[in-house]
Amino acid sequence: MNLSIIIPLYNEEESLPELHEWIRRVVKENNLSYEIIFVDDGSSDNSWKVIEGIAGKDPNVKGIKFRRNYGKSAALNSGFDLAVGEVVITMDADLQDSPDEIPELYKMVHEEGYELVSGWKKKRHDPLGKKIPSRLFNLTTRRMSGIKLHDFNCGLKAYKNEVVKNIEVYGEMHRYIPVIAKWEGYKNIGEKIVKHRARKYGVTKFGMSRFIKGYLDLLTINFVSKFGKRPMHLFGTLGSLIFFLGFVIAAYLAYAKFFLEEYRMTERPLFYFGLLAMIIGTQLFVAGFLAEMISRTGSERNQYSVEKMIDKPKE
Ligand code: UDP
Ligand code: MG
């Protein structure tokens with residue numbers, strides 16, 4: 001099968017028939033074999049009914065319905081598990097992403113060797129209050145990850161099948177899929193300018209809180225990818241440094257008290273700095289130890305992304 005098209009959706013009943021028709025027309029015109037996987041993220045409207053209707057008519061349509069709303073990342077992750085097509089494409093259900101982009105995206109992965117292609121909504125049809133924070137968000141992510149993309153959070157993306165099987169998204173991490181893929185070792189990340197349209201039906205499902213959560217997730221991803229398997233290197237180093245600083249201060253104060261001048265330790269503000277530094281240093285160190293113990297019990301502690309292997313049968 002050439003294509004798996006994954007569509008996460010939450011209360012998008014009006015858009016679905018139109019979206020399905022459009023995708024079907026585009027892939028048929030291009031002679032691509034396909035499956036469409038609708039992942040209903042616990043909609044409370046008639047979305048699932050509509051999907052059942054569509055699936056009854058089109059044998060290429062699969063669907064999953066969550067019992068409650070878990071979020072877009074969860075929906076994508078479940079879709080990824082199911083996808084069997086050589087190229088996996090994700091798109092939003094609200095008709096803001098155009099299915100006309102599918103053939104070109106397919107080509108970029110199938111022929112040009114990209115492992116991940118992210119859409120870039122160069123001309124965006126969203127309110128200004130969303131565009132400006134989004135710019136800032138993309139800038140930070142670009143700087144922190146070193147990936148040269150303009151639009152990390154574009155819902156329209158294409159992947160080599162292997163990529164989606166090797167990455168895991170949860171919480172609200174779908175914003176950082178290219179970052180996660182890069183840290184799994186996928187380097188051929190491309191970008192394609194895509195058409196974007198204003199939302200036709202329904203309303204946006206993410207409020208302003210998306211920006212706060214987005215930044216927190218970026219910190220988590222950064223931390224997990226760098227120190228997830230060796231937390232002690234971060235906490236131990238920081239803890240030791242801070243403790244050492246406190247110790248030097250305390251030693252100096254003791255020395256000065258006995259050999260230079262008479263005073264009460266507690267009269268010197270520096271004393272409190274030293275004390276605080278030693279306590280915080282110890283705590284960081286202990287936190288590092290605990291984190292290390294926890295990561296040792298993690299079942300994925302020895303999971304690596306293997307690209308190639310030469311193995312020979314035992315004689
Ligand atoms: N979505 C989802 N679960 C959620 C929130 C959103 O599956 O909890 C889907 C939504 O139905 C849409 C896509 O994710 O297909 C993008 O959401 P939306 O269009 O609301 O985001 P925006 O375009 O405003 O960034
Ligand atoms: Mg949208």
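As the structure is a computational prediction, the values presented were derived from the model and not from experiment. (Residues numbered from 1 in each chain as written. Chains lettered and ligands numbered in written order. Predicted model: local features only at pLDDT ≥ 70, side-chain atom pairs only at ≥ 80, totals over all residues. Heavy atoms only, no water.)

> Please set out the overall build of the chain residue by residue, giving values where relevant.
Check the secondary structure of the chain and you find ten helices and seven strands. Taking 20 Å as the expected radius of gyration for a compact globule of 315 residues, we find that the chain reaches 26 Å, considerably beyond that expectation. Summarising its shape, the C-alpha atoms of the chain cover approximately 90 × 65 × 35 Å along the three principal directions. Within the chain, the fraction of its 315 residues that count as buried is 42%. Nonlocal contacts in the chain, meaning residues at least 24 apart in sequence, comprise 79% of its contacts between residues at least 6 apart. In the chain, 46 positive and 39 negative side-chain charges are present, and the distance between their average locations comes to 4 Å. (Helix = DSSP H or I, 4+ residues; strand = E, 2+ residues; numbered from the N terminus. Rg over C-alpha atoms; globule rule 2.2 N^0.38 Å. Buried < 20%, exposed > 50% of the residue type's maximum accessible area, 1.4 Å probe, protein only. Contact = heavy atoms within 4.5 Å. Lys, Arg positive; Asp, Glu negative; His and termini not counted. Charge placed at Lys NZ, Arg CZ, Asp CG, Glu CD.)

> Give me the lowdown on the pairing of strand β4 (residues 87-90), citing residues and values where you can.
Burial along β4 is two-sided: the residues Val87 and Ile89 and Val88 and Thr90 are all buried. Both strand β1 (residues 3-9) and β4 contribute to a ladder of four bridges, which runs parallel. For leucine 3, the partnering residue across the bridge sits in β4 and is valine 87. Bridge analysis of β4 against strand β6 (residues 157-160) gives four bridges, and the strand direction is antiparallel. Among the inter-strand pairings, isoleucine 89 is bridged to a residue of β6, identified as alanine 158. (Pairing = 2+ DSSP bridges.)

> Summarise the site of ligand 1; cite the residues concerned and give the values.
As a structural note, the neighbourhood of ligand 1 is formed by 18 residues, with Glu12, Asp41, Asp94, Thr204 and Lys205 the closest of them. In this structure, glutamate 12 approaches ligand 1 through a side-chain N or O atom, which is 2.6 Å from an oxygen atom. Between lysine 130 and ligand 1, the recorded distance is 2.7 Å, taken from a side-chain N or O atom to an oxygen atom. When grouped by side-chain class, the residues that make up the shell around ligand 1 number five nonpolar, four polar and nine charged. (Near = heavy atom within 4 Å. Polar contact = N/O pair within 3.5 Å; in protein donor to acceptor, adjacent residues only side chain to side chain. Nonpolar A, V, L, I, M, F, W, Y, C, P; charged D, E, K, R; others polar.)

> Account for unusual backbone geometry, naming residues and giving values.
In this model, asparagine 31 sits at a positive phi of 55°, which is unusual for a non-glycine residue. For asparagine 31, the position within the fold is in the loop between α1 (16-29) and β2 (34-40). The backbone of leucine 95 sits at a positive phi, close to 70°, despite the residue not being glycine. Mapped onto the secondary structure, leucine 95 falls in the loop between β4 and α4 (102-110).

> Give a detailed account of the coordination of the magnesium ion (ligand 2), specifying residues and quantitative values.
The protein atoms donating to the magnesium ion (ligand 2) are Asp94 (OD) and Gln96 (OE1), with metal-donor distances spanning 1.9 Å. Accessibility expressed as a relative area gives 4% for aspartate 94, which makes it buried. (Donors = N, O, S within 2.8 Å, 3.2 Å for Na, K, Ca; no water.)

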